[in-house]
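So the chains spell out like this:
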Amino acid sequence: MDVGAGAGDVSVGIAELVGVSGRVYAVDSDPRARDAVAAAAAAAGEAQVLAITQAGEDLRLPETVDLAFCRFLLMHVGDPATVLGRMASVLRPGGYLVAQEPITTAGRVGGLAMSMPDAKHPDIGALLPGLVRAAGLELVDAWAEAPAGAGPGPVATYLEELTEVDPGDDAVVLPPLVTVIGRRPA
């Protein structure tokens, strides 16, 4: 399951891993995402990808899953703990939850702190390991990564794609992206 599936890039990637006999739920609160995921899945021709329009706080599936994934989702929802709890509730015993969220204010452009005024929880990545444990999951692993660069290059290009702001020749340190892996007890 890919929660906050958007255009379906991750959903299709997971579908490639599970193969034609697998099933992937692509969940997003935006009904337009359902059509984008369906088109991406049809083009890839991999596993059965079922696109569902549903808010993370209301997450319900007709079956349990082996993997629940989200990235850049919890920073935008009203109650991240509720969303993680819902994701944990649809895992099979022994199933895994993988969440990736930033610590936005730790990012820097030209030495100045980054800001995401539209994000409800811009630094949720700092809380992610504790939230996964609070959802009743065993914490398997957690780490943070923060690419850096100066001037034109992949870091500046990624930042521009993400924010629609060209950092020019300024030094860039992207916000740390915290990845947490939790496991539902068997």
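Everything here concerns the structure above.
In what follows, the accompanying structure is described. (Residues numbered from 1 in each chain as written. Predicted model: local features only at pLDDT ≥ 70, side-chain atom pairs only at ≥ 80, totals over all residues. Heavy atoms only, no water.)

### A word on empty space enclosed by the protein
Right, so step 1: Scanning the entire structure with this criterion turns up one cavity of 30 Å³ or more.
Right, so step 2: As a volume, the largest cavity reaches approximately 40 Å³.
Right, so step 3: Lining the largest cavity, in full, are Thr104, Met114, Ser115, Met116, Leu162, Thr163 and Pro175.
Right, so step 4: Classifying every residue of the lining of the largest cavity gives four nonpolar, three polar and no charged. (1 Å grid on protein atoms, 1.4 Å probe; cavity = no way out; pocket = protein on both sides within 12 Å on 5 of 7 lines; lining within 4 Å. Points joined across faces, edges and corners; volume = space filled by probe spheres on them. Nonpolar A, V, L, I, M, F, W, Y, C, P; charged D, E, K, R; others polar.)

### Quick notes on the layout of surface pockets
Right, so step 1: Estimated volume of the largest pocket: approximately 350 Å³.
Right, so step 2: Around the largest pocket, the lining comprises 15 residues; the ones closest to its centre are Gly4, Ala5, Gly6, Arg71 and Phe72.
Right, so step 3: Among the elements of the structure, strand E1 (2-3), helix H1 (9-18) and strand E4 (65-71) are those that each provide at least two residues to the lining of the largest pocket.
Right, so step 4: Considering only residue class, the lining of the largest pocket consists of seven nonpolar, four polar and four charged. (Helix = DSSP H or I, 4+ residues; strand = E, 2+ residues; numbered from the N terminus.)

### Some remarks on the environment of alanine 156
Right, so step 1: Mapped onto the elements of the fold, alanine 156 is located in helix H5 (residues 154-163).
Right, so step 2: Taking relative accessible area as the criterion, alanine 156 reaches 8% and is therefore assigned buried. (Buried < 20%, exposed > 50% of the residue type's maximum accessible area, 1.4 Å probe, protein only.)

### Side note on the pattern of salt bridges
Pairs can form between side chains of opposite charge once their charged atoms are near each other.
Right, so step 1: Under the counting rule described, the total for this entry stands at four salt bridges.
Right, so step 2: Residue aspartate 30 is joined to arginine 32 by a salt bridge in which the shortest nitrogen-to-oxygen separation is 2.9 Å.
Right, so step 3: For aspartate 30, a relative accessible area of 24% puts it in the partly exposed group.
Right, so step 4: A salt bridge links aspartate 66 to arginine 92, with the nearest nitrogen and oxygen atoms 2.9 Å apart. Of this pair, aspartate 66 sits in strand E4 while arginine 92 is found in strand E5 (residues 91-102), placing the two residues 26 residues apart along the sequence. (Salt bridge = Lys/Arg side-chain N within 4 Å of Asp/Glu carboxyl O.)

### Focus on unusual backbone geometry
Right, so step 1: A positive phi angle is found at phenylalanine 72, which is not glycine, with a value near 55°.
Right, so step 2: Here phenylalanine 72 lies in the loop between E4 and helix H3 (80-89).

### So, the sheet that holds E1
Right, so step 1: Strand order in this open sheet of seven strands is E3-E2-E1-E4-E5-E11-E8, and the pairing throughout is mixed. Edge positions in the open sheet fall to strand E3 (48-53) and strand E8 (138-145), since each of these has one partner strand only.
Right, so step 2: Relative to E4, E1 is paired through two bridges, and the arrangement is parallel. Paired with valine 3 across the bridge in E4 is cysteine 70. (Pairing = 2+ DSSP bridges.)

### Some thoughts on H3
Right, so step 1: Along H3, the residues that are buried comprise Pro80, Val83, Leu84, Met87 and Ala88. The buried residues of H3 occupy an angular sector of 135° when the element is viewed end-on, so they sit on one face.
Right, so step 2: The elements touched by buried residues of H3 are E1, E4, E5 and helix H4 (128-134). (Arc of directions from axis to C-beta. Contact = heavy atoms within 4.5 Å.)

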